[in-house]
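# Residue-level structural notes
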2 protein chains.
Amino acid sequence: MSLLVVGSVALDSVETPFGSAENALGGSAVFIGMSACYLAAPVRLVAVVGGDFPKSHLKLLEERSIDLDGLKIIPEGKTFRWGGRYHYDMNTRDSLYTDLNVFEHFDPVIPEQYRKSSYVCLGNIDPRLQRRVLEQIQKPRLVIGDTMNYWIQNTAEELQKTLRVMDVLIVNDSEARLLTQEPNLVKAAKRIIGLGPKIVIIKKGEHGALLVTEETIFSAPAYPLETIYDPTGAGDSFAGGFAGWLAKTDDLSPENLKRAVVYGSALASFCVERFSVDRLKDLTYLEIKDRYRSFMELSHFDEGT
Amino acid sequence: MSLLVVGSVALDSVETPFGSAENALGGSAVFIGMSACYLAAPVRLVAVVGGDFPKSHLKLLEERSIDLDGLKIIPEGKTFRWGGRYHYDMNTRDSLYTDLNVFEHFDPVIPEQYRKSSYVCLGNIDPRLQRRVLEQIQKPRLVIGDTMNYWIQNTAEELQKTLRVMDVLIVNDSEARLLTQEPNLVKAAKRIIGLGPKIVIIKKGEHGALLVTEETIFSAPAYPLETIYDPTGAGDSFAGGFAGWLAKTDDLSPENLKRAVVYGSALASFCVERFSVDRLKDLTYLEIKDRYRSFMELSHFDEGT
């Protein structure tokens with residue numbers, strides 16, 4: 001089934017204890033799309049870049065069969081740029097700069113041929129824009145959305161309205177706590193269900209992810225990587241793997257939602273193995289399947305005696 | 001198989017956002033023993049208390065078939081007392097007082113009839129005392145030990161010597177990082193294996209536990225409790241469930257180690273449901289089995305299509 005991805009496309013400059021990357025391909029829509037493309041087709045991208053956006057990056061996305069008809073290029077503008085530095089423990093980072101550039105006035109116009117997309121994955125953008133996207137889509141089968149501390153703190157009312165029209169909210173643990181003022185993550189997830197989404201996924205970084213619905217609680221581990229080169233995009237790759245698996249299978253049963261969480265975890269684990277999209281760009285479906293099986297080995301145990 | 005437990009027996013006064021308990025039964029040996037007793041037999045306890053230790057607490061331990069021949073009572077002394085207060089998010093606590101009393105000069109003498117114990121679980125005590133215990137035991141099948149920040153920081157050399165004679169080290173994530181100066185938990189576990197223990201378990205509180213051996217990595221989730229009444233003793237209950245299952249089954253295969261980690265997680269999840277040992281004291285084996293199965297539901301997913 002078709003998957004529409006709306007979010008940012010950026011040029012990231014990242015420093016980690018393991019090295020650095022300059023003006024590397026980044027942004028939520030890129031990580032979501034580059035992860036989902038191994039599972040679902042077509043993957044359609046709606047975003048905006050400036051005239052400075054390298055043709056090589058466009059080529060890379062096209063090679064992964066990502067439909068770029070919805071990517072607006074503003075020749076006289078500059079692409080969104082972000083610079084960040086990760087600390088030694090990789091769990092904290094400093095944003096060095098955030099130049100929104102053309103992304104500041106991003107107005108997602110959904111091309112006619114995208115308006116019947118079955119699955120929609122909304123990257124972390126202004127909740128008003130997330131709603132504007134949905135107003136242009138005809139009855140999507142599932143709307144998956146992300147948000148972040150900035151929108152929770154500064155556009156709380158708009159976010160509440162957007163949550164009412166989201167089916168799945170994917171947030172990290174600190175965002176879930178901030179949104180609900182509830183430290184217990186299971187309670188926080190249930191409160192979010194009360195706000196609209198039927199399905200809540202709480203990402204816990206190195207501790208894995210929690211899937212909560214009215215009926216189900218599922219806990220997926222994180223892949224025990226010994227070296228994380230660059231955590232940038234891990235959360236978006238999770239969303240891409242999750243959305244991609246659901247769009248591929250078009251099955252919203254509890255068992256399949258669990259599988260989707262593990263595919264999300266698998267794609268996130270690949271993402272952080274290299275800088276930018278370096279690991280994501282030439283994955284194979286077989287590698288992803290192998291990683292999925294590694295997650296089974298990592299978390300399964302038998303009934304015992 | 002027999003399980004020898006050595007550690008503290010204490011009177012705890014605890015405040016949490018959900019209430020408080022005064023002079024409640026506590027201490028590492030108590031939580032380990034009260035958890036292991038549902039799985040293994042005999043469970044033998046070596047510890048020390050003062051003349052003020054309530055007879056009702058002794059009765060409770062005896063009712064759970066815990067062998068108290070190794071519990072030394074010093075009539076003129078006072079029992080170890082600890083007071084603590086947990087914060088709203090339950091992840092941090094303040095120690096209000098720590099009165100070691102008779103525990104300050106604890107010298108674990110192992111009764112003759114305990115010296116052939118097959119399984120040994122050493123609660124968090126001075127690493128010198130942990131070694132002194134082991135010197136009195138004849139070829140135990142498995143030595144499981146705990147430690148804490150205090151010993152890592154203040155008796156580093158003694159701890160290194162003790163680690164060389166431990167088979168399993170159970171620590172929490174911050175202790176693992178402190179011991180190895182390595183933020184990545186998988187790397188930290190592998191470094192600990194280099195120090196002696198063949199099996200390392202890293203407890204991550206609300207994020208579950210990690211089992212690492214030369215060949216295996218296993219990630220167990222935490223039980224998604226909505227209300228944690230009192231986290232005191234959760235780590236020791238984990239050790240008790242883990243050690244109890246291994247002593248019951250006498251099987252050190254990777255598959256059985258995984259089961260033991262889940263039994264440990266199950267006992268820890270019961271422990272925090274009430275204050276002190278209130279939930280542990282009248283569990284049934286059936287309840288524990290049911291909780292074990294809940295952990296399967298919580299973490300298992302199938303191969304998919």
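This report concerns the structure included in the present document.

Thresholds applied
Residues numbered from 1 in each chain as written. Chains lettered and ligands numbered in written order. Predicted model: local features only at pLDDT ≥ 70, side-chain atom pairs only at ≥ 80, totals over all residues. Heavy atoms only, no water. 1 Å grid on protein atoms, 1.4 Å probe; cavity = no way out; pocket = protein on both sides within 12 Å on 5 of 7 lines; lining within 4 Å. Points joined across faces, edges and corners; volume = space filled by probe spheres on them. Helix = DSSP H or I, 4+ residues; strand = E, 2+ residues; numbered from the N terminus. Core = buried A, V, L, I, M, F, W, Y, C linked by side-chain atoms within 4.5 Å. Buried < 20%, exposed > 50% of the residue type's maximum accessible area, 1.4 Å probe, protein only. Contact = heavy atoms within 4.5 Å. Salt bridge = Lys/Arg side-chain N within 4 Å of Asp/Glu carboxyl O. Pairing = 2+ DSSP bridges. Axes fitted to C-alpha atoms, helices over the stretch in contact; angles between N-to-C directions.

## Quick look at empty space enclosed by the protein
For the structure shown, the criterion picks out one cavity of 30 Å³ or more. Of the voids in this model, the largest cavity is the one considered here, and its volume is about 50 Å³. For the lining of the largest cavity, the secondary structure elements donating two or more residues are β13 (217-220) of chain A together with β13 (217-220) of chain B.

## Thoughts on the nonpolar core
Buried together is how nonpolar side chains tend to be arranged in soluble globular proteins. Counting residues in hydrophobic clusters, the biggest one holds 67 residues, and the most contacted among them are L3, V9, F242, V261 and L280 of chain B. Looking at this core, the element that brings in the most residues is helix α9 (residues 254-271) of chain B, giving ten residues. If sequence neighbours within four positions are ignored, V261 of chain B has contacts with I201, A209, L211, F218, A220, F238 and F242 of chain B. Grouped together as the second largest cluster of nonpolar side chains are 64 residues, L3, A36, L142 and Y263 of chain A included.

## Details of the pattern of salt bridges
A full pass over the atoms with the stated rule returns 40 salt bridges over all chains. Salt-bridge contacts for E63 of chain B lead to K59 of chain B; the nearest nitrogen and oxygen are separated by 3.2 Å. Here the residue E63 of chain B and the residue K59 of chain B both occupy positions in helix α2 (residues 55-63), the gap between them amounting to four residues, near one helical turn. A salt bridge links D107 of chain B to R132 of chain B; its shortest N-O distance comes to 2.8 Å. In this pair, D107 of chain B sits in the loop between β7 (93-99) and β8 (119-122) while R132 of chain B sits in helix α3 (residues 127-135), placing the two residues 25 residues apart along the sequence. You can call R132 of chain B partly exposed: its relative accessible area is 37%. Within the structure, one salt-bridge network assembled from shared partners comprises E273, R279, E287 and R291 of chain A.

## Things to note about the side chain of E273 of chain B
Relative to the assigned elements, E273 of chain B resides in the loop between α9 and α10 (285-299). Excluding residues within four positions of it along the chain, E273 of chain B makes contact with L225, Y229, R279 and R291 of chain B.

## Concerning the sheet that holds strand β9 (residues 142-146) of chain B
Residues and elements named next belong to chain B. If you trace the nine strands from one edge of the open sheet to the other, you get β5-β4-β1-β8-β9-β10-β11-β12-β13, paired in mixed fashion. Strands with a single pairing partner mark the edges of an open sheet, and in this sheet they are β5 (66-74) and β13. For this sheet, the mean angle separating the axes of adjacent strands, direction not counted, is 15°. The sheet contact formed by strand β4 (residues 43-50) and β5 spans seven bridges and is parallel. In the strand pairing of β5, A47 is matched with L71.

## Side note on the sheet that holds strand β3 (residues 19-26) of chain A
Residues and elements named next belong to chain A. One open sheet holds the four strands; their spatial order is β3-β2-β6-β7, and the pairing between them is mixed. Edge positions in the sheet fall to β3 and β7 (93-99), since each of these pairs with one other strand and no more. Between one strand axis and the next, the sheet turns through 15° on average, direction left out of account. Inspection of the sheet shows strand β2 (residues 10-16) paired to β3 by six bridges, in the antiparallel sense.

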